[in-house]
Amino acid sequence: MSKNCQGLFLLNSIFALNFYMMPKIFLIYALMICLFSCNEDNPGKVISAGDTASEEKRLRDNISAHPDSLLLKENLIQYFRDNGNYYNANKETDNAIQLDSLNPRLWDIKATLLFENGDTLGSIQAFEHAIELFPDPGYIISLGTLYAQTKNPKALELSDALLMANKAKADKESYFIKGLYYNYTNDKLKAISFFDKCISLSYTFMDAYREKAIALYDLGKYEEALAVLDKALTLQNNFEEGYYYSGRCLEKLNRKQDAILSYQNALVYDPNYIEAKDALAKLGVN
């Protein structure tokens, strides 16, 4: 799984607030990240083409029997998404939007699918449309995060709006968006100050630890960055990104063997962590 988008923040964390509102969705603040294969819990099971066609037919038959059920349509979209078939997932979402273009949840789903499929601009536009229809705090958090990652100052406006909306209860997410924006616009010290605010509100907010460590790393403060990641890993020892970024810090500190161990630990918790594999290959480890 690629980690190129450091925020995917969500994508493990924030998109999870809204996507589908079903048990089989993103796990909030955990992991974003590991839901693309229905077979991961049972790697020995092979799904045949016949099984796949049968499951799709079952889902479509359910929709035919209850054409007004949004939940059943979401099940079909989720089925395609779980199997990495973003073409059909997007197609089914667009079909649903054609029938109900004023439903903000459908635009939220479309935005999430576009993001996961690498279309950040399209995702931003879809989230903007969702918010026009209904300014749900979760949609605003997702859009603010994407604005931050694309260096759009509107991220700060959305963050301030969330802070002023007491009912949103999204202070730590608001500060995270600010920190993310300043991280991407290279104001590292200001970014760190906002990540510290996040952590003070939620000491288990792993994304804030990660982004603070990245800011310190970019400033050349490798020991300090490593200390931040060590604390995060003490709180959550299966935090694969914590191990990966620890490895990067350790490399800078000329601690090659420790770096190798950190990258290997990252792969223990996420065997598909592409960057960790690449880092080990560069160090001559298969």
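Residues numbered from 1 in each chain as written. Predicted model: local features only at pLDDT ≥ 70, side-chain atom pairs only at ≥ 80, totals over all residues. Heavy atoms only, no water.

Engineer: Explain the overall build of the chain to me, please; I cannot follow it from the model alone.
Structural biologist: Helices and strands together make up the secondary structure of the chain, namely 15 helices and zero strands. In the chain, which comprises 286 residues, the proportion classed as buried is 51%. In the chain, 50% of the contacts between residues at least 6 apart in sequence involve partners at least 24 apart. Counting every atom, the chain has about 14,000 Å² of accessible surface; 52% of that belongs to carbon and sulfur. (Helix = DSSP H or I, 4+ residues; strand = E, 2+ residues; numbered from the N terminus. Buried < 20%, exposed > 50% of the residue type's maximum accessible area, 1.4 Å probe, protein only. Contact = heavy atoms within 4.5 Å. Areas by Shrake-Rupley, 256 points an atom, 1.4 Å probe, with all protein chains shown as cover.)

Engineer: Looking at this structure, how should I read the packing of helix H10 (residues 188-201) against helix H11 (residues 206-218)?
Structural biologist: What describes two packed helices is the angle between their axes and the distance between those same axes. Their axes nearest at 9 Å, the elements H10 and H11 cross at an angle of 155 degrees. It follows from the interaxial angle that H10 and H11 lie roughly antiparallel. Note on packing geometry: the crossing formed by H10 with H11 is left-handed. Here Lys188, Ile192, Phe195, Asp196, Cys198 and Ile199 of H10 come into contact with H11, specifically with Ala208, Tyr209, Glu211, Lys212, Ala215, Leu216 and Asp218. (Axes fitted to C-alpha atoms, helices over the stretch in contact; angles between N-to-C directions. Parallel < 35°, antiparallel > 145°, perpendicular 65-115°, else oblique. Left-handed = near helix turned anticlockwise from the far one by under 90°.)

Engineer: Help me out: how do you make sense of the pattern of salt bridges in this one?
Structural biologist: Two side chains bearing opposite charge may form a pair once their charged atoms approach each other closely. Tallied over the entire structure, the rule returns 15 salt bridges. The residue Lys172 makes a salt bridge to Glu173 at a minimum N-O spacing of 3.4 Å. In this structure, the salt-bridge partner of Asp196 is Lys212, at a minimum N-O distance of 2.7 Å. In this pair, Asp196 is assigned in helix H10 and Lys212 in helix H11, connecting sequence segments 16 residues apart. Owing to a relative accessible area of 17%, Lys212 belongs among the buried residues under this scheme. Several salt bridges converge on common partners, so that one network encompasses Asp207, Arg210, Glu211 and Glu241. (Salt bridge = Lys/Arg side-chain N within 4 Å of Asp/Glu carboxyl O.)

Engineer: Whenever I open this one, unusual backbone geometry confuses me. Can you help?
Structural biologist: Glycine aside, the phi torsion of most residues is negative, and most peptide linkages are trans. Notably, Lys151 is not glycine yet its phi reads approximately 60 degrees, a positive angle. Positionally, Lys151 belongs in the loop between helix H7 (137-149) and helix H8 (154-164). For Asn254, which is not a glycine, the phi torsion comes out positive at approximately 60 degrees. Summarising the element assignment, Asn254 is placed in the loop between helix H13 (240-252) and helix H14 (256-269).

Engineer: Got a minute to help me understand the environment of Ile260 in this structure?
Structural biologist: Mapping Ile260 onto the fold places it in helix H14. Taking C-alpha positions, Ile260 is 9.3 Å from Ala276, a pair spaced 16 residues apart along the chain. With near-sequence residues (within four places) excluded, Ile260 lies in contact with Leu280, Leu283 and Val285.

Engineer: Hey, could you run me through H10 in this one?
Structural biologist: An α-helix turns once every 3.6 residues. As a result, residues three or four positions apart point the same way. In a regular helix each residue adds 1.5 Å, so 14 residues correspond to 20 Å; H10 covers 20 Å between its end C-alpha atoms and thus fits that length. The set of residues buried in H10 consists of Lys188, Ala191, Ile192, Phe194, Phe195, Cys198 and Ile199. The buried residues of H10 all sit within an arc of 165 degrees when viewed along its axis, so they share a single face. Projecting away from the buried face of H10 at angles above 90 degrees are the exposed residues Leu189 and Ser200. The secondary structure elements touched by the buried residues of H10 are helix H9 (171-184) and H11. (Expected span 1.5 Å × (residues − 1). Arc of directions from axis to C-beta.)

Engineer: I keep staring at the confidence of the model for the chain and nothing clicks. Help me out?
Structural biologist: Averaged over every residue, the pLDDT of the chain is 85; residues scoring 70 or more account for 82%. Throughout residues 1-47 the model reports pLDDT below 50, and contacts reaching past four residues in sequence, or to other chains, amount to 125 contacts. (pLDDT = per-residue confidence, 0-100.)

Engineer: Got a minute to help me understand the environment of Leu280 in this structure?
Structural biologist: Along the chain, Leu280 falls in helix H15 (residues 274-282). It is 9.6 Å that separates the C-alpha atoms of Leu280 and Gly247, two residues lying 33 residues apart in sequence. Residues in contact with Leu280, not counting those within four places in the same chain, are Ile260, Tyr263, Gln264, Leu267 and Val285.

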